[in-house]
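Listed below are the residues making up each chain.
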Amino acid sequence: MPRRWSHILWSCAVLAALSACDALWMDNAPADTKPQARPDLPAAAVPITIQSPSAQSIALQRYYARVQEDLLGQGLLRVDGGGVDTPYTDRMIARNFERIALAEEYTRGAGLQPSSGALGEIKKWTIPVRVGVTFGNSHSPEKQAKDRDTISRYTRRLARVSGHSISMVSSQPNFHVLIMGEDDKAQLRETLDRIAPGMEASSRAIFLNLPRAIHCLVVAFADRNSSSAYRQAVALVRTEHPDLTRRACIHEELTQGLGLANDDQNARPSIFNDDEEFALLTSHDELLLQILYDPQLTPGMTADQARPIVWELAQNLVGGPS
């Protein structure tokens, strides 16, 4: 039962759509709103009621548990990051970087239509990445706490490896991580309306009707069609996944949303490979991210422009040409 990690890249067609998103991140109170008197006693907290999962959600939980168990039984979903059995050279790093950072898995604005596989441009963030997480009401408080800790630790790791400003925030995020399930459809719809009102219909439809074969996905936005500089991203991770698969989704989608957007069958050891061997970001993948966020590579660079820089960086990182 193969897993299919999915990344969808969508460039905002109209700058105003993202501007609308920006307005929603700010305080929406009118300028002449008068401050309200503070009540003598704090209002009682409204208890959160966790509804029993629907039959559809239970079926998904069982399905994904079987998938994870099957993969683990085959020795897949490794969490060791690679070892002596997975050597790689500077040439492999440079080649894999081209396929993963410069090619795209899907055609922009066309939903799940596969791309031609042609090499495109460098795509990355140039502004600080502010990661915010929104949980579906179906996700238990215990799992919310675990996932929040996973995301917090992982954003710190991504910042350290890339050298870029990446942090987890409680307000005004520009990288939204939505951890929601089958029973959170109404909440997901409302959330997308609020954070990404300009999302194309094809991408929105996939979020709201995610095929079972797709475990998670991310959409990255640029400020205009001609730009390759990301400004916003939205990732969706299913709550029905068991812990390891949910953690694997967080690792892959956050990193793909930074610009490592493609998968390649020859990349090893890597999470950017649909063979399921590795569940979590590897040492190989860290080098790809480090190369992508080297200041010598700028958004919009073609493969020909980037190639000599990538080769030199790969040699320096791995320890000389091989």
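None of these values were measured; they are calculated from a predicted model.

Caption draft 1: Inspection of the packing of helix α3 (residues 90-102) against helix α9 (residues 303-318) at higher detail. Relative orientation of the contacting elements α3 and α9 amounts to 140°, with a least axis distance of 8 Å. By the angle between their axes, α3 is oblique relative to α9. Two packed elements cross with a definite hand, and for α3 against α9 that hand is right-handed. Of the residues in α9, those in contact with Asp90, Arg91, Ile93, Ala94, Phe97, Glu98 and Leu102 of α3 are Ala303, Arg307, Val310, Trp311, Ala314, Gln315 and Val318. Here the contact of α3 with α9 is composed, by residue class, of 9 nonpolar, 1 polar and 4 charged.

Caption draft 2: Quick look at the nonpolar core. Membership of the largest hydrophobic core comes to 52 residues, with the highest contact counts inside it found for Phe97, Phe175 and Leu297. Those residues in contact with phenylalanine 175 that sit more than four places away from it in its chain are Trp125, Val129, Arg130, Val131, Gly132, Val218, Ala233, Ala235, Glu253, Leu254, Gly257 and Leu258. Formed by 17 residues, the second largest nonpolar core is a distinct cluster that contains Met180, Ile195, Phe221 and Val234.

Caption draft 3: A look at the pairing of strand β6 (residues 216-222). With 7 of its 7 residues buried, β6 lies for the most part within the structure. Where burial is concerned, the two faces of β6 agree: the one with Cys216, Val218, Ala220 and Ala222 and the one with Leu217, Val219 and Phe221 are both buried. Here 7 bridges tie β6 to strand β7 (residues 229-238), and the two strands are oriented antiparallel to one another. Bridging across to β7, cysteine 216 finds its partner in valine 237.

Caption draft 4: A look at the confidence of the model for the protein. In the predicted model, the protein carries a mean pLDDT of 84, and 79% of its residues have values of at least 70. Long-range and interchain partners of residues 1-46, a stretch whose pLDDT sits below 50, account for 102 contacts in this model, where long-range means more than four residues apart.

What counts as what
- Residues numbered from 1 in each chain as written.
- Predicted model: local features only at pLDDT ≥ 70, side-chain atom pairs only at ≥ 80, totals over all residues.
- Heavy atoms only, no water.
- Axes fitted to C-alpha atoms, helices over the stretch in contact; angles between N-to-C directions.
- Helix = DSSP H or I, 4+ residues; strand = E, 2+ residues; numbered from the N terminus.
- Parallel < 35°, antiparallel > 145°, perpendicular 65-115°, else oblique.
- Left-handed = near helix turned anticlockwise from the far one by under 90°.
- Contact = heavy atoms within 4.5 Å.
- Nonpolar A, V, L, I, M, F, W, Y, C, P; charged D, E, K, R; others polar.
- Core = buried A, V, L, I, M, F, W, Y, C linked by side-chain atoms within 4.5 Å.
- Buried < 20%, exposed > 50% of the residue type's maximum accessible area, 1.4 Å probe, protein only.
- Pairing = 2+ DSSP bridges.
- pLDDT = per-residue confidence, 0-100.

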